[in-house]
Amino acid sequence: LGVVDLVWDRTRRSVVSCKGRLVETVVADIPLDSIVAARVAGLEASVDSGLSEVIGTLEVAWKRAPGPKESNVGSWQADALREYAKADVAFQNSGGIRKDLPAGPITLRDMWEISPFGNEVVVFEVTGEQLLTMLAFQGLKEQEFCQVSGVRYTYDRTKPPEKALTATVGGEPVEPGKRYRVVTNSYVGGHLHDIFNLPENEIRVEPLMPPVSDRDVFIEAVRREGTIRSQVDGRIRVIREKDE
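This write-up is about the structure you can find in this document. (Residues numbered from 1 in each chain as written. Predicted model: local features only at pLDDT ≥ 70, side-chain atom pairs only at ≥ 80, totals over all residues. Heavy atoms only, no water.)

Quick word on helix α7 (residues 214-225)
- With twelve residues, α7 should cover 16 Å at 1.5 Å per step; its first-to-last C-alpha distance of 16 Å lies within 8% of that length.
- Among the residues of α7, those classed as buried are Asp 214, Arg 215, Val 217, Phe 218, Ile 219, Ala 221 and Val 222.
- Note on α7: the residue one or two positions beyond its end, Gly 226, has a positive phi of about 80 degrees. (Helix = DSSP H or I, 4+ residues; strand = E, 2+ residues; numbered from the N terminus. Expected span 1.5 Å × (residues − 1). Buried < 20%, exposed > 50% of the residue type's maximum accessible area, 1.4 Å probe, protein only.)

What follows is the structure, given as structure tokens:
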């Protein structure tokens, strides 16, 4: 638990000081409440058979990547979103991917645990100039980093900002005046300024119709593909000063 102590000055209507600390919680030695435990066990049993359904096979383990790096599970999810929405570019926030998965059978439970939020799939349009702004902003981020599909880019942090980014969409250079259709989830769509440095009042983010959750898109993609072999293919490259 996080505890923050604030001292508030009513006259100045401002915080004078604040001090935070972490409080360790230990639950291992606390016995479960028998009534609640029985209820949870019953609920778990009622859904276990459905969640245990095998819907596909993973030939290469899905692995998340820390920081501004490409991951095979993130690339696969972004590909699935882009194909479903028939978009030019897809973004999947790395923080929304909550679990790695070893090679082997893929169950419905795995898909729920990988994508527990069930965010709505949304679409919006940007100009090529705005897309370049998005990618450049992403190239500098450590948190709220996104996996991509349809676009390949390199951001070299050792170069001046005006020379740091190179990017293509569909294998072609990004055209500043062209409009591109982007698909992502509703969490990312609701944080365009924080994640991409976009002016949110100028971007019209709309749910894909009919409405669908990203998890359902991923589940149907697994069912359709059957056997999945996800690879990191170099669609994202962020060069730091310490890189060799």
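Observations regarding a nonpolar patch on the surface
- A grouping of Val 4, Leu 6, Trp 8 and Val 15 is seen on the molecular surface, where their side chains present a nonpolar patch of about 430 Å² in accessible area.
- A per-element tally of the nonpolar patch places strand β1 (residues 2-9) first, with three residues.
- Relative to the helices and strands, Trp 8 is located in strand β1. (Patch = residues over 30% accessible without salt bridge, like charges linked within 9 Å, V, L, I, M, F, W, Y side chains within 5 Å. Areas by Shrake-Rupley, 256 points an atom, 1.4 Å probe, with all protein chains shown as cover. Salt bridge = Lys/Arg side-chain N within 4 Å of Asp/Glu carboxyl O.)

Some remarks on the pairing of strand β7 (residues 146-149)
- Alternating positions in β7 separate into two faces, Cys 146 and Val 148 on one and Gln 147 and Ser 149 on the other, with burial throughout.
- Looking at chain direction, strand β4 (residues 89-93) and β7 are connected through four bridges and run antiparallel. Across the sheet, residue Phe 91 finds its bridge partner in β7, namely Val 148. (Pairing = 2+ DSSP bridges.)

Observations regarding helix α4 (residues 128-139)
- For α4, which comprises twelve residues, the first-to-last C-alpha distance of 16 Å matches the rise-based estimate of 16 Å (1.5 Å per residue) to within 8%.
- By the burial criterion, the buried members of α4 are Gly 128, Gln 130, Leu 131, Met 134, Leu 135, Gln 138 and Gly 139.

As for the sheet that holds strand β12 (residues 206-207)
- Spatially, β7-β4-β11-β6-β12 is the arrangement adopted by the five strands of the open sheet, whose pairing is mixed. Each having just a single partner strand, β7 and β12 make up the two edges of the open sheet.
- Alignment of strand β6 (residues 121-127) against β12, held across two bridges, turns out to be antiparallel. Bridge assignment links Val 122 to a residue of β12, and that residue is Pro 207.
- Packed onto the sheet, helix α2 (residues 72-85) meets β4, β6, β7 and β11 (179-185) and runs at close to 135 degrees relative to β4. (Contact = heavy atoms within 4.5 Å. Axes fitted to C-alpha atoms, helices over the stretch in contact; angles between N-to-C directions.)

So, the packing of α2 against α7
- At a minimum axis distance of 10 Å, the contact between α2 and α7 shows a crossing angle of 95 degrees. Between α2 and α7, the interaxial angle falls into the category roughly perpendicular. Contacts from Trp 76, Gln 77, Ala 80, Leu 81, Glu 83 and Tyr 84 of α2 reach α7 at Asp 214, Val 217, Phe 218, Ala 221, Val 222, Arg 224 and Glu 225.
- Split into classes, the residues belonging to the contact of α2 with α7 amount to eight nonpolar, one polar and four charged. (Parallel < 35°, antiparallel > 145°, perpendicular 65-115°, else oblique. Nonpolar A, V, L, I, M, F, W, Y, C, P; charged D, E, K, R; others polar.)

Examining the nonpolar core
- With 29 residues, the main nonpolar core has Trp 62, Trp 76, Ile 106, Met 111, Val 183 and Val 222 as its most contacted residues.
- Taken together, the elements giving at least two residues each to this core come down to β3 (54-58), α2, α3 (108-114), β6 and α7.
- In terms of residue count, α2 provides more of this core than any other element does, six residues in total. (Core = buried A, V, L, I, M, F, W, Y, C linked by side-chain atoms within 4.5 Å.)

Thoughts on the packing of aromatic side chains
- Counted under the stated rule, the structure contains three aromatic pairs.
- Aromatic side chains Trp 62 and Trp 76 sit 5.0 Å apart centroid to centroid with 40 degrees between the ring planes, which places their arrangement in the tilted category. One end of the pair, Trp 62, is in the loop between β3 and α2; the other, Trp 76, is in helix α2, and 14 residues separate them in sequence. With respect to class, Trp 62 is no different from Trp 76; both count as buried.
- With 4.8 Å between their ring centres and 55 degrees between their planes, Phe 91 and Phe 196 make a pair best called tilted. Of this pair, Phe 91 sits in strand β4 while Phe 196 sits in helix α6 (residues 192-196); the two residues are 105 residues apart in sequence, bridging distant segments of the chain. (Phe/Tyr/Trp six-rings, centres within 6.5 Å; stacked < 30°, edge-to-face > 60°.)

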